[in-house]
Amino acid sequence: MRSRRIGLFGLLGTGNLGNDGSLAAVLDHLRAAHPDATLHAFCGGPDEVTERFGLPATRMNWYRGEYRTANTIRSVFLKGLGKIIDAVRTAVWVRRQDVVIVPGMGVLESVLPVRPWGFPYSLMLTCLSGRLLGTPVALLSVGATVVENGVGRMVVVRAAKAAGYRSFRDALSRDAMRAMGVDTDGDEIYPDLVFGATAPPSVASTGIVGVGVMAYRGENRDRSRAHEVRARYVADLTTFVRWLVAGDRRVRLFIGDRSDLVVAVEITAEVGSPLVETAKVTDLDELMGAMAEVDTVVATRYHNVVCALKLGIPTVSIGYAPKNDALMASMGLGEFCQAARSIDVGLLIKQFTELERRHDELRATVAARGLHAAGLVERQFAELSEFIRQAPPRDTRVGQGVG
């Protein structure tokens, strides 16, 4: 079989460790199972993707201010023009590939503030271009939620329907797409792709508590009070960290996106203790390396939670979406969850105390379920390889329409 051209699409190289970690897991598989394939990314941060992964990349959006608020006539005009130009650029890129892969991530979610004509529009362009031009697009172990906004729902549903392959990282995601009218009967559920990554070896108990922070500003419905939501979230986490320090516990703060660093700085300054440090990490491998040295984790970012569970660490999730709760339940930790939007610090202290009391028992449970999850990711990658092998060569493709 001749060499395949495989495209990778997503908000990659933009500072989100989870997104880039999902890409890394897929790249490891592709380079091992398809060593002759030509790989190319269409993404948000092409320079970073090329530098970090040695992967040729093209910028997803023509207008570099795509994800900044358009508050001048010029920026509004350029954003609108960019939508037209991006339709052509996306189609040209998709046409050059034999297969396009969207490697994990919550690409069909709408919990955090997102505009339908931002990334969801780019995803729709990619999937529709694939359908029209005969390039199969795979949505690989992705997250989804029911989208309430009418335009947003239309964009997400059209993207999902146009994909040639779909799998979801939990039943909630598959059920959400079914509720919006997507036929999901042939779509499988596989764990998050990061469960297939190589984890660093565990270390002896250190007594360190890991706390994963997030630049959390609420949900789409909280746009008008985002500052208030953020202030309460940071204040509640600060109170919890103070309680940990008062008990002479060392605390290591973790981020999951570059934007989270300011929150870690604020909490460290407010607590004012040498027992609090921030892990200096730039990718998911470094995050897991730093996290492997802690005994317990309390975290908000989904992939902070995934990494902790991948390492077999007993964890409390302060989640911003139902996916956190679904993940925790699947790993036997369903009772150790809270919502970032309304943290109950008293309950959090009780949950953490129980987590420490049952540490050895819970660690064994999480480790066993993590091994099972890793095996399922291997099955997902086997399905992906078969999907790649079955893709028609570029010079024989015929579009399938968008109906």
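Relevant structure appears above.
Let me begin by describing the structure that accompanies this report. Computed from a prediction, not measured in an experiment: that's the story for all the values here.

Definitions and cut-offs
Residues numbered from 1 in each chain as written. Predicted model: local features only at pLDDT ≥ 70, side-chain atom pairs only at ≥ 80, totals over all residues. Heavy atoms only, no water. Phe/Tyr/Trp six-rings, centres within 6.5 Å; stacked < 30°, edge-to-face > 60°. Helix = DSSP H or I, 4+ residues; strand = E, 2+ residues; numbered from the N terminus. Buried < 20%, exposed > 50% of the residue type's maximum accessible area, 1.4 Å probe, protein only. Lys NZ or Arg CZ within 6 Å of the ring centre and 35° of its normal. Polar contact = N/O pair within 3.5 Å; in protein donor to acceptor, adjacent residues only side chain to side chain. Contact = heavy atoms within 4.5 Å. Pairing = 2+ DSSP bridges.

Overview of the packing of aromatic side chains
Phase 1: Scanning the model with the defined rule gives 9 aromatic pairs in all.
Phase 2: Where Phe 9 meets Phe 119, the ring centres are 5.7 Å apart and the plane angle is 20°; that geometry is what we call stacked. Taken as a pair, Phe 9 in strand β1 (residues 5-10) and Phe 119 in helix α4 (residues 119-133) lie far apart in primary sequence, 110 residues in all. Each of the two residues, Phe 9 as well as Phe 119, counts as buried.
Phase 3: These aromatic residues form a ring-pair network of at least three members: Phe 9, Phe 42, Trp 93 and Phe 119.
Phase 4: For the cation-ring pair, Arg 169 lies above Tyr 302, with the distance from its terminal atom to the ring centre recorded as 4.4 Å.
Phase 5: Above the ring of Tyr 302, the side-chain terminus of Lys 323 is found at 4.9 Å from the ring centroid.

Looking at the side chain of Arg 249
Phase 1: Mapped onto the secondary structure, Arg 249 falls in the loop between α7 (226-246) and β9 (251-254).
Phase 2: On the accessibility criterion, Arg 249 (18% relative accessible area) is buried.
Phase 3: Within the structure, the side chain of Arg 249 is placed 2.9 Å from the side chain of Glu 356, a separation counted as a polar contact.
Phase 4: Leaving out residues up to four positions away in the same chain, Arg 249 has contacts with Val 209, Trp 243, Leu 244, Leu 275, Phe 352 and Glu 356.

Looking at the sheet that holds strand β3 (residues 57-59)
Phase 1: Pairing is parallel across the open sheet formed by 7 strands, whose spatial order is β3-β2-β1-β4-β5-β6-β7. Strands at the two margins of the open sheet, each flanked by one partner only, are β3 and β7 (188-189).

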